[in-house]
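# Reading the structure
Each chain is listed here by its residues.
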Amino acid sequence: MSDASESSNLRRDHTAEAIRQRIGILPERGYLSDAVLGGIDGGVTSFAIVAGAVGGGLPGLVVVVLGLANLIADGFSMAASNYLSVKSEREDVERRRRQEERHIRHVPDGEREEIRQIFAGKGFAGELLEQIVAVITAREEVWVNTMLTEEHGLSLASRNPIRAGLATFGAFLAVGLLPLLPFLVGPSDLAHGFGASIAVTAAAFAAVGMLKGHVLGRSILRSGLETLLVGGVAAALAYSVGYLLQQHFATL
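Calculation rules
- Residues numbered from 1 in each chain as written.
- Predicted model: local features only at pLDDT ≥ 70, side-chain atom pairs only at ≥ 80, totals over all residues.
- Heavy atoms only, no water.
- Helix = DSSP H or I, 4+ residues; strand = E, 2+ residues; numbered from the N terminus.
- Contact = heavy atoms within 4.5 Å.
- Areas by Shrake-Rupley, 256 points an atom, 1.4 Å probe, with all protein chains shown as cover.
- pLDDT = per-residue confidence, 0-100.
- Salt bridge = Lys/Arg side-chain N within 4 Å of Asp/Glu carboxyl O.
- Buried < 20%, exposed > 50% of the residue type's maximum accessible area, 1.4 Å probe, protein only.
- Core = buried A, V, L, I, M, F, W, Y, C linked by side-chain atoms within 4.5 Å.
- Phe/Tyr/Trp six-rings, centres within 6.5 Å; stacked < 30°, edge-to-face > 60°.
- Patch = residues over 30% accessible without salt bridge, like charges linked within 9 Å, V, L, I, M, F, W, Y side chains within 5 Å.
- Expected span 1.5 Å × (residues − 1).

### Let's talk about the overall build of the chain
Counting its regular elements, the chain contains eleven helices and zero strands. A sequence separation of at least 24 residues applies to 73% of the contacts in the chain between residues at least 6 apart. Accessible area for the chain stands at about 14,600 Å²; split by element, carbon and sulfur atoms hold 63% of it.

And the structure:
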């Protein structure tokens with residue numbers, strides 16, 4: 001995007017009406033982090049099974065069975081954990097909200113003093129500070145939201161727990177299935193299948209990392225290499241463990 005085009009878009013997004021619409025609605029955080037985490041974990045976990053099994057000298061059928069079983073079980077477990085985590089975050093915000101509403105009802109002067117000290121810490125003083133306190137405490141919803149963000153450090157932007165879980169599960173399955181594909185549709189030879197699995201998985205890791213970098217405005221190449229490195233280290237560890245165990249039991 002050219003500088004002129006970016007400048008035009010920024011001006012359009014910062015008109016009074018655009019700002020009013022954007023700020024007037026509590027944002028819902030995206031699910032990119034859930035999908036990226038699920039995809040990376042699915043790829044690493046699935047390929048670790050493949051690498052460990054191949055390193056241990058197990059036949060291709062065992063690789064497929066172990067991989068698919070692990071893919072479904074671990075994918076569901078990770079999605080369920082993410083669902084519960086996001087749900088707990090939302091419940092904590094609501095608990096704090098009810099707590100602040102009780103405090104405002106029972107000790108309003110004390111809560112006003114908290115607002116006063118919060119904004120005094122930001123550099124406001126005198127009559128301007130008192131005006132800020134009066135405006136914020138005039139509406140209970142604004143008052144409570146201010147306490148949640150300023151006193152408790154909570155984010156009002158929420159995520160839907162079901163969508164977060166589904167994003168994790170879908171990405172886990174999609175990327176996690178790739179290391180198994182060569183053993184499902186490719187040659188029966190274990191070495192050839194493993195080589196194809198390495199190539200497919202490496203490409204998937206790089207693609208996930210590059211997508212993350214593109215969305216977050218980071219270096220696409222660096223993000224791709226970073227994710228590829230993480231997956232590669234995990235796979236190397238799994239293969240080494242399988243190989244060492246195979247060598248150990250072969251000497252017994």
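### Concerning the confidence of the model for the chain
In the predicted model, the chain carries a mean pLDDT of 84, and the fraction of residues at 70 or more is 87%. The least confident element of the chain is helix 2 (residues 16-23), whose mean pLDDT is 63; the most confident is helix 6 (residues 126-137), at 95.

### A look at the pattern of salt bridges
Think of it this way: side chains of opposite charge can pair up when their charged atoms draw near. Under the defined criterion, the tally for this structure stands at ten salt bridges. A salt bridge links Glu94 to Arg97, with the nearest nitrogen and oxygen atoms 4.0 Å apart. With Glu94 and Arg97 both in helix 4 (residues 60-106) and three residues apart, the pair spans about one turn of that helix. The class for Glu94 is partly exposed, based on a relative accessible area of 37%. On the basis of relative accessibility, which here comes to 17%, the residue Arg97 falls in the buried class. In this structure, Arg116 engages Glu113 in a salt bridge whose closest nitrogen and oxygen atoms are separated by 2.7 Å. Separated by three residues within a single helix, Arg116 and Glu113 lie in helix 5 (residues 108-120), roughly one turn from each other. Assessed through its relative accessible area of 23%, Arg116 is described here as partly exposed.

### Concerning the nonpolar core
With 14 residues, the main nonpolar core has Ile115, Phe119, Ile136, Trp143, Met147 and Leu148 as its most contacted residues. Every element with two or more residues in this core is listed here: helix 4, helix 5, helix 6 and helix 7 (140-150). Other than its neighbours up to four places away in sequence, Ile136 contacts Ile115, Phe119, Val142, Trp143 and Thr146. Core analysis: the second largest hydrophobic core is formed by twelve residues, Val54, Phe183, Ala235 and Ala238 among them.

### Considerations on the packing of aromatic side chains
Applying the stated criterion to the full structure yields two aromatic pairs. On the basis of an interplanar angle of 10° and a centroid distance of 5.9 Å, the ring pair of Phe47 and Phe194 is categorised as stacked. Residue Phe47 is located in helix 3 (residues 32-55), and its partner Phe194 is located in helix 10 (residues 190-216); the two are separated by 147 residues in the primary sequence. Between Phe119 and Phe124, the aromatic rings sit 6.3 Å apart at their centres with planes inclined by 55°, giving tilted as the arrangement. Take Phe119: its relative accessible area is 12%, and that puts it in the buried class.

### Some points on a nonpolar patch on the surface
Together, Leu68, Leu177, Leu181, Leu184 and Val185 make up an exposed nonpolar region whose accessible area comes to about 400 Å². Broken down by element, the nonpolar patch gets its largest block of residues, three residues, from helix 9 (residues 181-185). Among the structural elements, Val185 can be located in helix 9. Looking at Val185, the relative accessible area reads 70%, which means it is exposed.

### Description of helix 3
In this model helix 3 runs 33 Å from its N-terminal to its C-terminal C-alpha over 24 residues, within 8% of the 34 Å that 1.5 Å per residue would give. Burial analysis of helix 3 places 17 of its 24 residues in the buried class, the great majority of the element. Remark: Gly57 follows helix 3 within two positions and exhibits a positive phi of approximately 75°.

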